[in-house]
Amino acid sequence: MAAALDTSRGNWYPSARCSQCEAEELPWTEVSGRGTLFTYTEVTRALFKEYRSKAPYLTGLVALDEDPRVRLATLFVDCEASELSLDMPVEVTFRKLSFPDVEGEILAPMWRIAAD
């Protein structure tokens, strides 16, 4: 997994300039794919029609281990809402993601409760 990180702070979402120092050169840095659960919710009634067939689903924010100020919006898989708790360790997993009425699929990063 990669994210735009510099030596002082991660920058997410990728942009033309660093959000802290205005630098224009932002290297992509490999990250561990581990983090902590910052917040989550169970969506039972999807706002966007593309997600309606997926409801109920779990979504939230993960704070990366490399820089907890960087929080990635994600889907949680392989768990129930009752198993999640704030600040618990989580890890990335890649799953196929597709939507009704949208051609094709992508391999998307999602998160699950850390194995160890």
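Note: the structure precedes this text.
Residues numbered from 1 in each chain as written. Predicted model: local features only at pLDDT ≥ 70, side-chain atom pairs only at ≥ 80, totals over all residues. Heavy atoms only, no water.

### Quick look at the nonpolar core
This is how it is decided: In this description, a nonpolar core means a group of buried Ala, Val, Leu, Ile, Met, Phe, Trp, Tyr and Cys residues linked to one another through side-chain atoms lying within 4.5 Å. Only protein chains enter the accessibility calculation, which uses a 1.4 Å probe. A residue is then buried if its area is under 20% of the maximum for its type, exposed if over 50%, and partly exposed in between. Runs of H or I in DSSP of at least four residues are treated as helices and runs of E of at least two as strands, each being numbered from the N terminus.
Core analysis: the largest hydrophobic core is formed by 13 residues, its most contacted members being Leu37, Phe76, Leu84, Val90 and Trp111. Residue assignment for this core shows that the elements contributing at least two residues are strand 5 (57–64), strand 6 (71–76) and strand 7 (89–97). Per-element accounting of this core gives the leading share, three residues, to strand 5. Counting residues in hydrophobic clusters, the runner-up holds nine residues, among them Tyr57, Phe99, Ala108 and Met110.

### Digging into the environment of Phe76
Going by this rule: Working rule for contacts: check all heavy atoms of both residues, and any pair within 4.5 Å makes them a contact.
Here Phe76 shows up in strand 6. Judged by relative accessible area, Phe76 falls into the buried class, the value being 6%. A sequence separation of 35 residues divides Phe76 from Thr41, and the C-alpha atoms of the two residues are 9.8 Å apart. In contact with Phe76, not counting residues within four places along its chain, are Leu37, Thr39, Tyr40, Leu58, Thr59, Gly60, Leu61, Val62 and Trp111.

### Considering the packing of aromatic side chains
Under the convention used in this document: Any two rings among Phe, Tyr and Trp, with Trp reduced to its six-membered ring, count as a pair given centres within 6.5 Å; such a pair is stacked if its planes are under 30 degrees apart, edge-to-face if over 60, and tilted if neither. Two thresholds decide whether a charge sits over a ring: the Lys NZ or Arg CZ must be within 6 Å of the ring centre and within 35 degrees of the ring normal.
Summed over the entire model, instances satisfying the criterion amount to two aromatic pairs. Residues Tyr51 and Tyr57 carry aromatic rings whose centres are separated by 5.5 Å and whose planes lie at 40° to one another, so their mutual orientation is tilted. Residue class for Tyr57 comes out buried when judged on its relative accessible area of 18%. Over the ring of Phe99 we find Lys54; its NZ or CZ atom is 5.2 Å from the centre of that ring. Above the ring of Phe38, the side-chain terminus of Arg71 is found at 3.7 Å from the ring centroid.

### Brief notes about unusual backbone geometry
Cis peptide bonds are those with omega within 30 degrees of zero, and the linkage from Ala55 to Pro56 qualifies with 0°. For Pro56, the position within the fold is in the loop between strand 4 (34–43) and strand 5. A positive phi angle is found at Asp87, which is not glycine, with a value near 70°. Following the sequence through the fold, Asp87 ends up in the loop between strand 6 and strand 7. One non-glycine residue, Asp101, lies in the positive phi region at around 65°. Tracing the chain through its elements places Asp101 in the loop between strand 7 and strand 8 (106–113).

### Comments concerning the environment of Met110
One can find Met110 in strand 8. As for Met110 and Leu97, which are separated by 13 residues in sequence, their C-alpha atoms are 9.8 Å apart. Apart from the residues lying within four places of it in its own chain, the contact partners of Met110 are Thr74, Leu75, Val77, Glu91, Val92, Thr93, Arg95, Lys96 and Leu97.

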